[in-house]
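Survey of secondary and tertiary structure
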Amino acid sequence: AEIGFPYTAVEGDLVFFLRLRFRHAEGDGGSAVAVGETAPLPRLPAERLASGPASWTLRCVHAEGFSKEELARLGPELCDLCCSEADPAPLAVGRQHQQRRFDALLGRSLGCMSFISRTHMRIEAHRAGVQITNLSQNPVYIDRGPLSKGESRSIAGGQVVSFARLEGNAHVLFLSLMLCAGAAQRDGPGSP
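All of the points below concern the structure found in this document. (Residues numbered from 1 in each chain as written. Predicted model: local features only at pLDDT ≥ 70, side-chain atom pairs only at ≥ 80, totals over all residues. Heavy atoms only, no water.)

1. Some thoughts on the side chain of Ser-84
Counted only if it meets this: Secondary structure elements follow DSSP: runs of H or I of four or more residues count as helices, runs of E of two or more count as strands, with numbering from the N terminus. Relative accessibility thresholds used throughout: buried, under 20% of the residue-type maximum; exposed, over 50%; partly exposed, between the two (1.4 Å probe, protein chains only). Two N or O atoms count as a polar contact when they lie within 3.5 Å, although within protein this holds only if one can serve as hydrogen donor and the other as acceptor, and sequence-adjacent residues are included solely when both atoms are side-chain atoms. In what follows, residue pairs with any heavy atoms lying within 4.5 Å of each other are defined as contacts.
Tracing the chain through its elements places Ser-84 in strand S5 (residues 80-84). You can call Ser-84 buried: its relative accessible area is 15%. Among the polar contacts listed, one links the side chain of Ser-84 to the backbone oxygen of Ala-54, at a separation of 3.4 Å. There is a polar contact of 3.1 Å between the side chain of Ser-84 and the backbone nitrogen of Ala-86. Each residue touching Ser-84, except ones within four places of it in the same chain, is listed here: Pro-53, Ala-54, Ser-55 and Ala-125.

2. A word on the pattern of salt bridges
The cut-off we apply is this: The salt bridge definition used is simple: a Lys or Arg side-chain nitrogen within 4 Å of an Asp or Glu carboxyl oxygen.
The final tally for this structure, using the stated rule, is seven salt bridges. The partner of Arg-108 in a salt bridge is Glu-70, with the nearest N and O atoms 2.8 Å apart. In this pair, Arg-108 is assigned in the loop between helix H4 (99-105) and strand S7 (121-126) and Glu-70 in helix H2 (residues 68-74), connecting sequence segments 38 residues apart. On the basis of relative accessible area, Arg-108 is assigned to the partly exposed category, the value being 46%. The partly exposed category is assigned to Glu-70, whose relative accessible area is 22%. Between Arg-100 and Glu-77 there is a salt bridge, with its nearest N and O atoms 2.4 Å apart. With Arg-100 in helix H4 and Glu-77 in helix H3 (residues 76-79), this pair connects stretches of sequence that are 23 residues apart.

3. Details of the environment of Thr-119
Mapped onto the elements, Thr-119 comes out in the loop between H4 and S7. With relative accessibility at 28%, the residue Thr-119 sits in the partly exposed group. For Thr-119 and Ser-136, which are 17 residues apart along the polypeptide, the C-alpha to C-alpha distance reads 7.2 Å. Leave out the neighbours within four places in its chain, and Thr-119 touches Ala-92, Val-93, Gly-94, Gln-96, His-97 and Leu-135. There is a polar contact of 2.7 Å between the side chain of Thr-119 and the side chain of His-97.

Geometric descriptors of this kind do not, in isolation, establish any biological role.
Here is the structure:
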């Protein structure tokens, strides 16, 4: 038997930094011994090195009370949250951090503002996507599945992060952001 610990996939092939092979130990009644084999870490392909850090945008695709055309007219300054793998710290998202943005996006559903915490979630960019951590008692949804307070989940391009409000016994998604590759600029202190 063999177990491998991959470092990365290069052109579809897994590259291992540690591979363990198991063989039966002689005279020990069937126990196994692991024999380790290590390999030097490979160099990343030139196109990955040249591409620089990954950048991501969470783009508003649904805001209660707005049509898609009306959202598009608000523009990226108010509809996009941007982050990059090169950012020194994760992006904090909430009323305290993007007040002007949430005021604009929830302008037709002001009652929903109480369901956005001052610091609602943390977003950390990685090469393959972003990691979302819910820091709030208020709900966060990833592709219509709930993310509890303190829970983290990695998402990739095309997945949707939503804020929700309680209506009766059900959560209603009132603001949804889709993850897209590329980012114009880092959001942070002083951003809308």
